[in-house]
Amino acid sequence: MTQNYGLNLKALSKFYGDTVAVKDLSLEIEPGEFLFLLGPSGAGKSTVLRLIGGYEQPTSGTIEMGGRDITRLPVEKRNIGMVFQSYALFPHMTVAQNVAFGLKMRKIGRAELEQKVAETLELVELDGLGQRYPRQLSGGQQQRVALARAIVYRPGLLLLDEPLANLDRRLRDTMRVELKRLQRRIGITTVMVTHDQEESLSMADRVVVLHQGQLEQIGPPAQVYSRPTSSFVAAFIGEINLLKGEVLAVNGPGCRVRAANLEFEVAVPEEEEKQPRPGQEVTVCLRAERLRLSKSSEAGFKGSVEFVTYLGASTLYLVRPENSSQLFKVLEPNAAGQALHSIGDQLNLDWSLDSPICFFGPE
C-alpha cells in the first residue's frame, strides 16, 4: 500500500554563481495531490524537481516531506520515485529487470520482488511484456515501464520531468488520460514538470506558474486560466491579445480605456485596492476565444481579416481593426466543419464587457 506524503518547500533558492535558477519559492503540496510546475524554458521548473528529488542541493531554504526535513538527505534515502523525460531505461535489461532494479538496490527478497514487479506491470497494463526489451516496445509502453520502475517500491512522492514530451500528439493525448487515471488509482502525491499548457490544464489538481525562478501564481487550472494574477500568466496560458493603454474615465462598474488606438469599456475590479483612476496605465488581456466576428456593424470595431489558420475543430483568424496597428487573434469553433471567413473579409470585431482581463498600473 502506498503511503503518500505532503511536501512543503520553504523559501527555496538555487543559484549557479550569479545566475538565479530558483528564488524564495514556498509551496505546500497536499498528500495525494497532482501538482504541475508550468512555465517557459529557464523558469526553474526542472531545477525545483531536481532539488525535491535530491539530485541537486539548494543554496538556501528547506524541503519537508511528511513533516520530515529531507533537504540534505541523499537521493536513495528520500523514498521518492522519478521519471525522466528520456525514461532512462536500461537497454540491456528486460522490462521486468528494469522494473525490479530499484527493488534489488533495496535488497528485497526474490519472492517479494517478483510479486511486486508482477503487480506493478499489471497496474500499468504491461502484464505479459515482462520479458521484452525496451527496443521492442512503443514509446507509450516505454513510458509506462519508466513509470512502473518509479512506483514499484511504493514511494511517498512521484516526480515526473516532462514524461510525455517525446511522444507524438495522438499518443500523448492517450497517455494524459492513462497517467491521470493511474495517479488517481494509486493516490500517490505527484509533481510534474511541463511547458505544455494544455497538458497542465487537463490533468492537474493545481498549477504552479513559474517565471524566472519565482512563483507567479498557484491555483486550480480553471482559476489560473480565467483569473490570472499578472499579464505574464494571462499571456503564457492560451491564445491571448495583449494591449497596452490608459484609463480615460471611470463610471461605476465600468471604465473607458484607450489601447491600440481603440476606445472601449472594460469592467472595474471589485477589490477596492485595484480600483482604476483616469490617466492610469492599463494592460488589457483579451482571450482569443472570447472575441466575436460578425457581419453586423451595430457595435464593436470594423476590421479586415489578414490571416486564417484552419485548426480542425476551430479556426484562428488575425483581424486588424480600422485605424489600429494591433492584429487581434480570434479563435472560432468550426461548427460547419470549415472556416467561416476568408482573408480580406470585412467584419465586425466585438467582445462582451467582462471579456477583458485588466491589470491597472505599471507591471
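See the structure above.
Because the structure is a prediction, the values reported are computed rather than measured.

Calculation rules
Residues numbered from 1 in each chain as written. Predicted model: local features only at pLDDT ≥ 70, side-chain atom pairs only at ≥ 80, totals over all residues. Heavy atoms only, no water. Helix = DSSP H or I, 4+ residues; strand = E, 2+ residues; numbered from the N terminus. Buried < 20%, exposed > 50% of the residue type's maximum accessible area, 1.4 Å probe, protein only. Contact = heavy atoms within 4.5 Å. Areas by Shrake-Rupley, 256 points an atom, 1.4 Å probe, with all protein chains shown as cover. Lys, Arg positive; Asp, Glu negative; His and termini not counted. Charge placed at Lys NZ, Arg CZ, Asp CG, Glu CD. Salt bridge = Lys/Arg side-chain N within 4 Å of Asp/Glu carboxyl O. Phe/Tyr/Trp six-rings, centres within 6.5 Å; stacked < 30°, edge-to-face > 60°. Axes fitted to C-alpha atoms, helices over the stretch in contact; angles between N-to-C directions. Parallel < 35°, antiparallel > 145°, perpendicular 65-115°, else oblique. Left-handed = near helix turned anticlockwise from the far one by under 90°. Nonpolar A, V, L, I, M, F, W, Y, C, P; charged D, E, K, R; others polar. 1 Å grid on protein atoms, 1.4 Å probe; cavity = no way out; pocket = protein on both sides within 12 Å on 5 of 7 lines; lining within 4 Å. Points joined across faces, edges and corners; volume = space filled by probe spheres on them. Pairing = 2+ DSSP bridges. Patch = residues over 30% accessible without salt bridge, like charges linked within 9 Å, V, L, I, M, F, W, Y side chains within 5 Å.

## Overview of the overall build of the protein
The number of helices and strands found in the protein is 8 helices and 20 strands. Seen through its principal axes, the protein has C-alpha atoms that stretch 75 × 45 × 35 Å. Within the protein, the proportion of its 363 residues that are buried is 49%. Long-range pairs, those at least 24 residues apart, make up 65% of the contacts in the protein between residues at least 6 apart in sequence. Working note: accessible area of the protein is about 17600 Å², and carbon and sulfur atoms make up 49% of it. Charge separation in the protein, taken as the distance between the mean sites of 41 positive and 43 negative side-chain charges, equals 7 Å.

## Here we look at the environment of Ser294
Turning to its location among the elements, Ser294 is positioned in strand β15 (residues 292-294). When its relative accessible area of 29% is taken as the criterion, Ser294 is described as partly exposed. Along the backbone, Ser294 and Met175 are 119 residues apart, and their C-alpha atoms lie at a distance of 39 Å.

## A word on the pattern of salt bridges
A side chain with one charge may pair with a side chain of the opposite charge, provided their charged atoms come close. Under the defined criterion, the tally for this structure stands at 21 salt bridges. For Glu114, the salt bridge goes to Arg110, with nearest N and O atoms at 3.1 Å. Separated by 4 residues within a single helix, Glu114 and Arg110 lie in helix α3 (residues 110-123), roughly one turn from each other. A relative accessible area of 44% places Glu114 in the partly exposed class. We note a salt bridge from Glu263 to Arg258, for which the minimum N-O separation is 3.3 Å. Note on Glu263: relative accessible area 35%, which makes it partly exposed. Look at Arg258 and you get partly exposed, because its relative accessible area is 32%. One network of salt bridges, with partners in common, ties together Arg169, Asp173, Arg176, Asp196, Glu198 and Glu199.

## Observations regarding the packing of aromatic side chains
In total, this model carries 8 aromatic pairs according to the counting rule given. With a centroid separation of 5.9 Å and 10° between ring planes, the pair formed by Phe232 and Phe236 is classed as stacked. Pair noted here: Phe232 and Phe236 are both in helix α8 (residues 231-236), with a separation of 4 residues, about one helical turn. On the basis of relative accessible area, Phe236 is assigned to the buried category, the value being 14%.

## Details of the packing of helix α2 (residues 95-105) against α3
Between two packed helices, both the angle of their axes relative to each other and the distance between the axes serve to describe the pair. Where α2 contacts α3, the axes come no closer than 10 Å and their chain directions differ by 125°. Here α3 runs oblique to α2, going by the angle between their axes. When the axes of α2 and α3 are compared, the crossing they make is right-handed. Residues Val95, Ala96, Val99, Ala100, Leu103 and Lys104 of α2 touch α3, and the partners they reach there are Leu113, Lys116, Val117 and Leu121. Per-class residue counts for the contact of α2 with α3 are 8 nonpolar, no polar and 2 charged.

## Brief notes about the layout of surface pockets
Of the pockets and cavities examined, the largest pocket occupies roughly 730 Å³. If you go around the largest pocket, you meet 25 residues; those closest to its centre are Arg227, Pro269, Pro356, Ile357 and Cys358. Those elements giving two or more residues to the lining of the largest pocket turn out to be α7 (221-226) and β20 (357-360). Per-element tally for the lining of the largest pocket: the top contributor is β20, with 4 residues. Grouping the amino acids of the lining of the largest pocket by side-chain chemistry returns 11 nonpolar, 5 polar and 9 charged. Around the second largest pocket, the lining is made up of 20 residues, and of these Tyr55, Phe101, Gly102, Arg106 and Tyr153 lie nearest the centre. Residue assignment for the lining of the second largest pocket shows that the elements contributing at least two residues are β6 (80-83), α2 and α4 (139-151). Considering every element that reaches the lining of the second largest pocket, the biggest residue donor is β6, with 4 residues. Looking at the lining of the second largest pocket, its residues break down into 14 nonpolar, 3 polar and 3 charged.

## Concerning the sheet that holds strand β8 (residues 189-194)
Strand order across the open sheet formed by 6 strands is β6-β7-β8-β3-β9-β10, with mixed pairing between neighbours. Taken across any chain shown, the strands that pair with only one partner, and hence form the sheet edges, are β6 and β10 (214-219). Going across the sheet, the axis of each strand differs from the next one's by a mean of 20°, ignoring polarity. Pairing of strand β7 (residues 157-161) with β8, which is carried by 5 bridges, proceeds in the parallel orientation. Each bridged residue has a counterpart across the sheet, and for Leu158 the counterpart in β8 is Thr190. In the packing of α4 onto the sheet, contacts are made with β6 and β7, and the angle to β6 comes to roughly 165°. Where helix α5 (residues 169-186) meets the sheet, its contacts fall on β3 (34-38), β7 and β8, and the angle it forms with β3 comes to roughly 135°.

## Concerning a nonpolar patch on the surface
Residues Tyr55, Val75 and Phe84 make up a contiguous nonpolar surface patch of roughly 230 Å² in combined accessible area. Within the secondary structure, Phe84 is located in the loop between β6 and α2.

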